[in-house]
Amino acid sequence: MKDHLVELAAEFLVQSRLEGGATSTPPNELVPETELDGYAVQAVIHQILQKAGYGRLVGHKIGCTTEVMQKFLNIGYPCAGEIFDTTVFEKNTILPLSKFHRVGIECEIAARLKTDMMGTLGPYTIESAKDAVGALMGAIELVDDRYENYINPVSYTHLRAHETPEHRGWRGGGVKK
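What counts as what
Residues numbered from 1 in each chain as written. Predicted model: local features only at pLDDT ≥ 70, side-chain atom pairs only at ≥ 80, totals over all residues. Heavy atoms only, no water. Helix = DSSP H or I, 4+ residues; strand = E, 2+ residues; numbered from the N terminus. Buried < 20%, exposed > 50% of the residue type's maximum accessible area, 1.4 Å probe, protein only. Areas by Shrake-Rupley, 256 points an atom, 1.4 Å probe, with all protein chains shown as cover. Salt bridge = Lys/Arg side-chain N within 4 Å of Asp/Glu carboxyl O. Phe/Tyr/Trp six-rings, centres within 6.5 Å; stacked < 30°, edge-to-face > 60°. Pairing = 2+ DSSP bridges.

S.K.: Hey, could you go over the overall build of the protein for me, with residue numbers and the actual values?
M.R.: Summing up its helical and strand segments, the protein has 6 helices and 6 strands in all. The secondary structure elements of the protein, listed N-terminal to C-terminal, are α-α-β-α-β-β-β-α-β-α-α-β. Scored against the burial criterion, the 177 residues of the protein give a buried share of 38%. Surface summary for the protein: the accessible area is close to 10,800 Å², and the carbon and sulfur share equals 58%.

S.K.: Explain the pattern of salt bridges to me, using residue names and the numbers behind them.
M.R.: Opposite charge on two side chains allows them to pair when their charged atoms are near. In this structure the tally under the stated criterion is 3 salt bridges. A salt bridge links K61 to E141; the shortest N-O distance between them is 3.2 Å. Taken together, the residues span a long stretch of sequence, with K61 in strand β1 (residues 57–63) and E141 in strand β5 (residues 133–144) at a distance of 80 residues. Both residues of the pair, K61 and E141, belong to the buried class.

S.K.: Talk me through unusual backbone geometry; I want residue IDs and the actual numbers.
M.R.: Of note in this structure, C64 is not a glycine but carries a positive phi near 55 degrees. Within the element layout of this structure, C64 appears in the loop between β1 and α3 (67–73).

S.K.: Describe the environment of E67, and please don't skip the residues or the numbers.
M.R.: Along the chain, the position of E67 falls in helix α3. Owing to a relative accessible area of 54%, E67 belongs among the exposed residues under this scheme. Remark: the alpha-carbon pair of E67 and Y77, spanning 10 residues in sequence, is separated by 8.7 Å.

S.K.: Give a description of the packing of aromatic side chains that names residues and reports values.
M.R.: Scanning the entire structure with this criterion turns up 1 aromatic pair. A ring pair is formed by Y54 and F84, whose centres lie 5.6 Å apart and whose planes are at 70 degrees; its orientation type is edge-to-face. With Y54 in helix α2 (residues 35–54) and F84 in strand β2 (residues 79–84), this pair connects stretches of sequence that are 30 residues apart. An identical accessibility class is assigned to Y54 and F84; each is buried.

S.K.: Talk me through the pairing of β2; I want residue IDs and the actual numbers.
M.R.: Counting buried residues in β2 gives 5 out of 6 residues, a clear majority hidden from the surface. As judged from the 6 bridges shared by β1 and β2, these two strands associate in the antiparallel manner. Counted as the bridge partner of H60 is E82 from β2.

If you want it as structure tokens, here you go:
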């Protein structure tokens with residue numbers, strides 16, 4: 001995907017998050033063709049959101065880890081996203097429902113790393129990663145489906161199968177204990 005299309009795709013996808021509306025199906029030229037294209041769009045989305053006040057990136061997220069979700073989204077692998085500090089809540093919080101399009105919750109397991117793994121080479125195994133884990137905790141993920149084509153599985157799946165990895169994860173925020 002050419003650089004100017006990566007930027008246009010990111011601007012298209014981030015618009016609903018910043019303005020509060022639903023995400024419509026992007027024009028064909030803005031649909032990432034590969035997983036790598038999707039992650040390139042995601043990187044630009046992060047830059048846009050940081051400039052818009054979402055804060056700094058403080059964590060990573062893995063989504064679509066179950067076969068059920070992968071079939072639903074028409075992808076054959078988990079996907080990764082990032083977590084902004086303004087979307088992590090460590091205590092009770094009240095969030096206006098108007099911030100979300102179609103909100104839900106998921107029970108999660110969160111890991112707080114005591115050492116950054118970004119500089120190490122993968123693939124990671126339990127043995128190679130265990131020393132980086134500082135704590136494990138229960139967490140609640142606020143999922144926000146911003147897509148206008150949710151009811152139509154054919155168009156929804158087409159949109160989702162080519163989306164950026166972060167948008168596939170529906171992440172709206174998280175609460176950890």
